[in-house]
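Chain by chain, the residues:
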Amino acid sequence: MSSRSYFLLLKDLRDLEENEYTGITAFPVSEDKLKWEASIEGLKDTIWHGIYFPLTINFTAEYNLVPPVVKFKRIPFHPNVDQHTGRPCIDFLDDPRKWKTSYTLSSILLTLQVMLSNPVLENPVNLQAAQTLVENETVYKLIVQKLFREKLSLDKDSSSDLSKDSNKLIRYAAAKAQYTRETKTPHKAQYQSSRIYPSPVSDSPSETEVVLKIHEAEEWEDDGEHIHEPGEEEVEELVNWTHTLNSDTLDV
């Protein structure tokens, strides 16, 4: 005998099929309709437009009295998405007391789409993403696009050779950017930052910090400005600097 949640989720599925929300797809992957997979695209005129993020949505037999568990399978570099678990920071998903029985699967996906496209900088769960967005919006956008392209490539080809080539590229670009960033001042975005706190300091740069260096270099080159080419001594220093990078944190 089918449960109440089964019929409610069938209704949610029909709603999705009838409305055909732009940039949103979802479908059940279990017979009881409790396990779903979905994909959302950022809204038009935002940096997330054209980028699709797959999600998993796990309901319980108590739906719609309690919210489902939602996780990004491809975790975005986003202030409101936990970089470790992939869970979005949405109050009615995090706190069952704020969940309402009037919410549907469409409500959840549309809210996720808005959240993805319009980051909230108050109480971010990814401090590094929030801090980067506050300090330099242009670089933040480049990081988002760069990480998405790299993860998409790895989804298509997970071979070790690709990972090694990516690491070599990151090491070279990071070393090159280290020499250019000291003489350039990137544009800072105008965001409220009073509640943004710096991430803990580590001995070696994180993946995001390395990508940040890469794109600072690329951004200045795209502006047509001449970048000083290092001499033999500088090249040697560059090589020595790359040896200090932790290969574990550079895995793509």
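Residues numbered from 1 in each chain as written. Predicted model: local features only at pLDDT ≥ 70, side-chain atom pairs only at ≥ 80, totals over all residues. Heavy atoms only, no water.

- Per an unreviewed UniProt entry, the protein goes by the name Ubiquitin-conjugating enzyme E2 U and belongs to Myotis brandtii.
- Under the UniProt heading Function (unreviewed entry), the entry covering the protein gives this text: "Catalyzes the covalent attachment of ubiquitin to other proteins." (UniProt positions renumbered as here; feature names shortened; annotations may be inferred.)

**Topic: the overall build of the protein**
- Scanning the protein for helices and strands turns up eight helices and four strands.
- Secondary structure of the protein in N-to-C order comes out as α-β-β-β-β-α-α-α-α-α-α-α.
- Within the protein, the fraction of its 252 residues that count as buried is 39%.
- Within the protein, counting contacts between residues at least 6 apart in sequence, those at least 24 apart form 65% of the total. (Helix = DSSP H or I, 4+ residues; strand = E, 2+ residues; numbered from the N terminus. Buried < 20%, exposed > 50% of the residue type's maximum accessible area, 1.4 Å probe, protein only. Contact = heavy atoms within 4.5 Å.)

**Section: the pattern of salt bridges**
- In this structure the tally under the stated criterion is two salt bridges.
- Residue Lys-73 is joined to Glu-37 by a salt bridge in which the shortest nitrogen-to-oxygen separation is 3.8 Å. In this pair, Lys-73 sits in the loop between strand S4 (69–72) and helix H2 (91–94) while Glu-37 sits in strand S2 (residues 35–41), placing the two residues 36 residues apart along the sequence.
- Relative accessible area serves as the criterion here: at 29%, Glu-37 is assigned to the partly exposed category. (Salt bridge = Lys/Arg side-chain N within 4 Å of Asp/Glu carboxyl O.)

**So, helix H3 (residues 105–117)**
- Helix length check: H3 (13 residues) gives 19 Å between terminal C-alpha atoms against 18 Å at 1.5 Å per residue, within 8%.
- Those residues of H3 not exposed but buried are Leu-105, Ser-106, Ile-108, Leu-109, Leu-112, Gln-113, Met-115, Leu-116 and Ser-117.
- Looking at the buried residues of H3, the elements they touch are helix H1 (4–19), strand S1 (24–28), S2, strand S3 (52–58), S4 and H2. (Expected span 1.5 Å × (residues − 1).)

**As for the sheet that holds S4**
- Taken together, four strands build an open sheet; the order of strands is S1-S2-S3-S4 and the sheet is antiparallel. In this open sheet, the two strands that pair with only one neighbour each are S1 and S4. Within this sheet the neighbouring strands show an average axis-to-axis angle of 20 degrees, counted without direction.
- Sheet topology note: the S2/S3 ladder contains seven bridges and is antiparallel. Counterpart to Ser-39 in the pairing with S3 is Pro-54.
- Most of the contacts of H1 go to S1, to which it runs at about 150 degrees, and overall it touches S1 and S2.
- Against the sheet, H3 engages S1, S2, S3 and S4, with an angle of about 35 degrees to S2. (Pairing = 2+ DSSP bridges. Axes fitted to C-alpha atoms, helices over the stretch in contact; angles between N-to-C directions.)

**Let's talk about the nonpolar core**
- In terms of nonpolar packing, the biggest core is built from 42 residues, with Trp-36 and Leu-109 touching the most fellow members.
- Filtering out sequence-adjacent residues up to four positions away, Leu-109 remains in contact with Leu-16, Ile-24, Ala-26, Ala-38, Ile-40 and Ile-57. (Core = buried A, V, L, I, M, F, W, Y, C linked by side-chain atoms within 4.5 Å.)

**Quick notes on the UniProt feature "active site" (unreviewed entry) in the protein**
- Under the UniProt annotation, "active site" (unreviewed entry) lies at Cys-89.
- Relative to the elements of secondary structure, Cys-89 occurs in the loop between S4 and H2.
- Accessibility expressed as a relative area gives 31% for Cys-89, which makes it partly exposed.

**Observations regarding the pairing of S4**
- Here S4 shows a clear split, with Val-70 and Phe-72 buried on one side and none of Val-69 and Lys-71 buried on the other.
- Here S3 pairs with S4 via four bridges, running antiparallel. Considered in S4, the bridge of Asn-58 is made with Val-69.

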